[in-house]
Amino acid sequence: MDGEYLVGFVHYLIPLPVVLPLFAAGVKLALGIRWPRVQQWLSVISLALVLVIGFALMLGAYEFGPQAVQVGGWDAPIGITLVADQLSALMVTVSAAITLAVLVYSIGQGMAGKAEVAPLSVYQPTYLILVAGVSNAFLAGDLFNLYVGFEILLTASYVLLTLGGTQSRMRAGAIYVVVSLVSSVLFLIAIALIFGATGTVNMAQLAERLPEISPDLRVVLQVMLLFAFGIKAAVFPLAAWLPDSYPTAPAPVTAVFAGLLTKVGVYAIIRAQTLFFPGQVLNDLLMWVALATMIMGILGAVAQTDIKRLLSFTLISHIGYMLFGVALGSEHGLAGAVFYVAHHITVQTTLFLVTGLIERRGGSTSLDQLGGLGRIAPVLAVLFFIPAMNLGGIPPLSGFLGKIGLLQAGVEAGTPLSYTLVGASVLTSLLTLYVIARVWNYAFWRTPSEGMVAEPGTVLEDVEADDASTAALGPGEAVGPSSRLGDTSTLAGPVVTSVVLPKSMVGATVALVAFGLALTVFAGPLIHYSSEAAVELMARTPYVEAVLGGTR
């Protein structure tokens, strides 16, 4: 009886990661710019609740298996199905943790520029809609609902990417939208073809019907889905758009994009390969793609002198690790991929937030214009060093544990191609350490020449500032709130350097650093959870039975 009660309770929780952010966004849009403090707390509380719900869904999925809810009471496959299995629950939880931290960071950044009101009208509602889209994508139980989640992401992310309206951001936003629309059109065509071939878009039902269609048609559908998801995941050669798009956005926007949005594509690839197309078909092709993604991404990072672009290329290269685990087609490989996704979301987001602090303290993200930050900002140095070493895979941090798991799975596969990927993984890790060490040496370790580091109070301009008045500000003059509705001041435009970094920004970054360390401290349970998630994904039956039950 207690078990049945808990299962029923979990069912009620499943829609909330989508509903709560949307509800909060609606309230904030209705309030406009009134009661800014109340609105900020509403945003924080809504995401904190999503985090708690994510943990509850993880426990429920682990104890009772996949749980499904039919929205509106329409049974599958007719109605909209939301499913929380171990993978989707983990993704919701990690995404809620990082989006909450980034929200607090962005609030601190806006308040530091005395722009407490302006960001509320556009940024925070759009940000909450983005979170709802991410949660919807993770919990979607049918392909069309997954498509809807992607479109919510596209709409919200375009607004966030172009905040401030400068030429560089509009150009980057245009590239991002065009590439995303191409991906969405391919996905929509694939959905139409799948529906024509099987008569359904329900994921559980597709798991039963796709094996019954022509093998050649099944391969075509698989390629189309992988191509669409590969663009969103930024795998090579479909990742050229990312380094030119993400670094132009405000620091918190870049952080959540880099850390989270590409992982939605990775999640979709994992779901497609395990639920729709199990077996070894196209796995060798995926391994070659993983190899190219690792090597080309990290070589791009080696060539960069700007921290944001450098981290963008390391982001691409480490997507290759996740794709490697999926392509192995084994439980150990899949478990390593799931663990590495959780690790990389956290670490990559943290590093981009730290980069925002570096820009605010040092006046630039260019390595040619930074130096001595280890001496003048030791706390900032520590905040960079820990996640940087984690990204590089230094033991005993979670990055090392995730890579070891993937390497072991590659060795177990025992094929020449898997051994090649193992070697490429080691090389990529070493080159990641090299680029991270170069950032440390230039930005934190070396003694800067006179005038290299911006003085406190310097106003950092975008390439084209929209408000000419900000250009007239002298050293130490803060950027005041704008009278233009929707202007986000320091969140989207000029940043004023400061000796004392805003407490909210530092606190949010410290929280994410601690969260990354927690992945190391609790690596044992997380690895076990990832292994159980992999077993569940490979089995497929628990997911299908949770959704369809007796309706088949």
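This one's a predicted model, so the numbers in the text were calculated from it and none came from an experiment.

About the cut-offs
- Residues numbered from 1 in each chain as written.
- Predicted model: local features only at pLDDT ≥ 70, side-chain atom pairs only at ≥ 80, totals over all residues.
- Heavy atoms only, no water.
- Buried < 20%, exposed > 50% of the residue type's maximum accessible area, 1.4 Å probe, protein only.
- Helix = DSSP H or I, 4+ residues; strand = E, 2+ residues; numbered from the N terminus.
- Pairing = 2+ DSSP bridges.
- 1 Å grid on protein atoms, 1.4 Å probe; cavity = no way out; pocket = protein on both sides within 12 Å on 5 of 7 lines; lining within 4 Å.
- Points joined across faces, edges and corners; volume = space filled by probe spheres on them.
- Nonpolar A, V, L, I, M, F, W, Y, C, P; charged D, E, K, R; others polar.
- Expected span 1.5 Å × (residues − 1).
- Contact = heavy atoms within 4.5 Å.
- Arc of directions from axis to C-beta.
- Phe/Tyr/Trp six-rings, centres within 6.5 Å; stacked < 30°, edge-to-face > 60°.
- Lys NZ or Arg CZ within 6 Å of the ring centre and 35° of its normal.

A large share of strand E2 (residues 80-84) lies buried, amounting to 4 of its 5 residues. By the bridge criterion, 5 bridges tie strand E1 (residues 67-71) to E2 in an arrangement that is antiparallel. Bridged to valine 69 within E2 is leucine 82.

Considered as a void within the structure, the second largest pocket measures approximately 460 Å³ in volume. Phe55, Met58, Phe522, Pro525 and Leu526 are, among the 16 residues lining the second largest pocket, the residues nearest its centre. Among the secondary structure elements, those contributing two or more residues to the lining of the second largest pocket are helix H3 (36-64), helix H4 (86-112), helix H20 (503-521) and helix H21 (523-539). Looking at the lining of the second largest pocket residue by residue, the classes come out as 14 nonpolar, 2 polar and no charged.

This part covers unusual backbone geometry. The omega torsion across phenylalanine 236 and proline 237 is 5°, close enough to zero to call that bond cis. Mapped onto the fold, proline 237 is located in the loop between helix H9 (215-233) and helix H10 (242-245). A cis amide bond links proline 395 to the next residue, proline 396, at an omega of 5°. Relative to the helices and strands, proline 396 resides in the loop between helix H16 (378-392) and helix H17 (398-413). Here alanine 234, not a glycine, exhibits a phi torsion of approximately 65°, which is positive. Here alanine 234 lies in the loop between H9 and H10. A positive phi is found at arginine 540, a non-glycine position, where the angle reads about 70°. Here arginine 540 is to be found in the loop between H21 and helix H22 (541-548).

Here the focus is helix H12 (residues 283-302). Since there are 3.6 residues in each turn of an α-helix, residues three or four apart along the chain are aligned in direction. Over its 20 residues, H12 runs 29 Å from end to end, which matches the ideal 28 Å to within 8%, given 1.5 Å per residue. Every buried residue of H12 is listed here: Asn283, Leu286, Met287, Ala290, Leu291, Thr293, Met294, Gly297, Ile298, Gly300 and Ala301. Structurally, H12 contributes buried residues whose contacts are with H9, helix H11 (251-276), helix H13 (307-328) and helix H18 (416-445).

An ideal rise of 1.5 Å per residue puts 27 Å on 19 residues; H20 measures up with 26 Å between its terminal C-alpha atoms. Of the positions making up H20, those classed as buried are Met505, Val506, Ala508, Thr509, Leu512, Val513, Gly516, Leu519 and Thr520. Down the axis of H20, the buried side of the element spans an arc of 165°, and every buried residue falls inside it. With respect to the buried face of H20, the exposed residues turned more than 90 degrees away are Lys503 and Val521.

This part is about the packing of aromatic side chains. According to the stated counting rule, one finds 17 aromatic pairs in the structure shown. Geometrically, the ring pair formed by phenylalanine 138 and tyrosine 267 is edge-to-face, given 5.2 Å between the ring centres and 75° between the ring planes. Linking phenylalanine 138 in helix H5 (residues 118-139) with tyrosine 267 in helix H11, this pair joins segments that are 129 residues apart in sequence. According to the relative accessible area criterion, tyrosine 267 is buried, its value standing at 3%. Site record: aromatic cluster; members linked through ring pairs are Phe144, Tyr147, Phe150, Phe187 and Phe229. Lying across the ring of phenylalanine 150, lysine 232 places its NZ or CZ 4.8 Å from the centre.

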